[in-house]
Amino acid sequence: FIKDCDEHTTVITDTLFVEEFPATTATALTCPSPTLPTLFAQDFVRQHRCTGAVVALTKCVSKEAILKAVLNRVPKGTEEANTKALEAGMALIEK
């Protein structure tokens, strides 16, 4: 689908699934995934890196609101890892 995107489009991908982008005028951003040896240990937080990037890019909800929503859904004991993942995704956009 990226070939149909124009310069007003931002595409965010996960490096686990997309290694290269075809030529495009769209802005292409990547959410880095863990390397294979650590993939299974960190897989559950990958989605929150991308969620953080989307929230920072679109400003569709506040940081506080998305953090509260994430923390209400993650398994007990994973709050810190998920918070860090969300913040890392936001940092990708905010820099």
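Given the structure is predicted, the values throughout are model-derived calculations rather than measurements.

Caption draft 1: Looking closely at helix α3 (residues 79-94). For α3, with 16 residues, the first-to-last C-alpha span of 22 Å sits near the 22 Å given by 1.5 Å per residue. The complete set of buried residues in α3 reads Asn-82, Thr-83, Ala-85, Leu-86, Gly-89 and Met-90. All buried residues of α3 fall inside an arc of 160° around its axis, so they share one side. Exposed and facing more than 90 degrees away from the buried side of α3 are Glu-80 and Lys-84.

Caption draft 2: Structural detail: the side chain of Thr-83. With respect to the helices and strands, the residue Thr-83 is situated in helix α3. By relative accessible area, which is 16% here, Thr-83 ends up buried. Side-chain polar atoms of Thr-83 contact the backbone oxygen of Glu-79, separated by 2.8 Å. What Thr-83 contacts, discounting residues up to four positions off in sequence, is Leu-67 and Leu-71.

Caption draft 3: Local environment of the environment of Thr-24. Along the chain, the position of Thr-24 falls in the loop between β1 (10-14) and β2 (27-31). Judged by relative accessible area, Thr-24 falls into the partly exposed class, the value being 29%. Spatially, the C-alpha atom of Thr-24 lies 8.4 Å from that of Asp-4, the residues being 20 residues apart in sequence. With sequence-adjacent residues up to four places away left out, Thr-24 is seen in contact with Ile-2 and Cys-5.

Conventions adopted
- Residues numbered from 1 in each chain as written.
- Predicted model: local features only at pLDDT ≥ 70, side-chain atom pairs only at ≥ 80, totals over all residues.
- Heavy atoms only, no water.
- Helix = DSSP H or I, 4+ residues; strand = E, 2+ residues; numbered from the N terminus.
- Expected span 1.5 Å × (residues − 1).
- Buried < 20%, exposed > 50% of the residue type's maximum accessible area, 1.4 Å probe, protein only.
- Arc of directions from axis to C-beta.
- Polar contact = N/O pair within 3.5 Å; in protein donor to acceptor, adjacent residues only side chain to side chain.
- Contact = heavy atoms within 4.5 Å.

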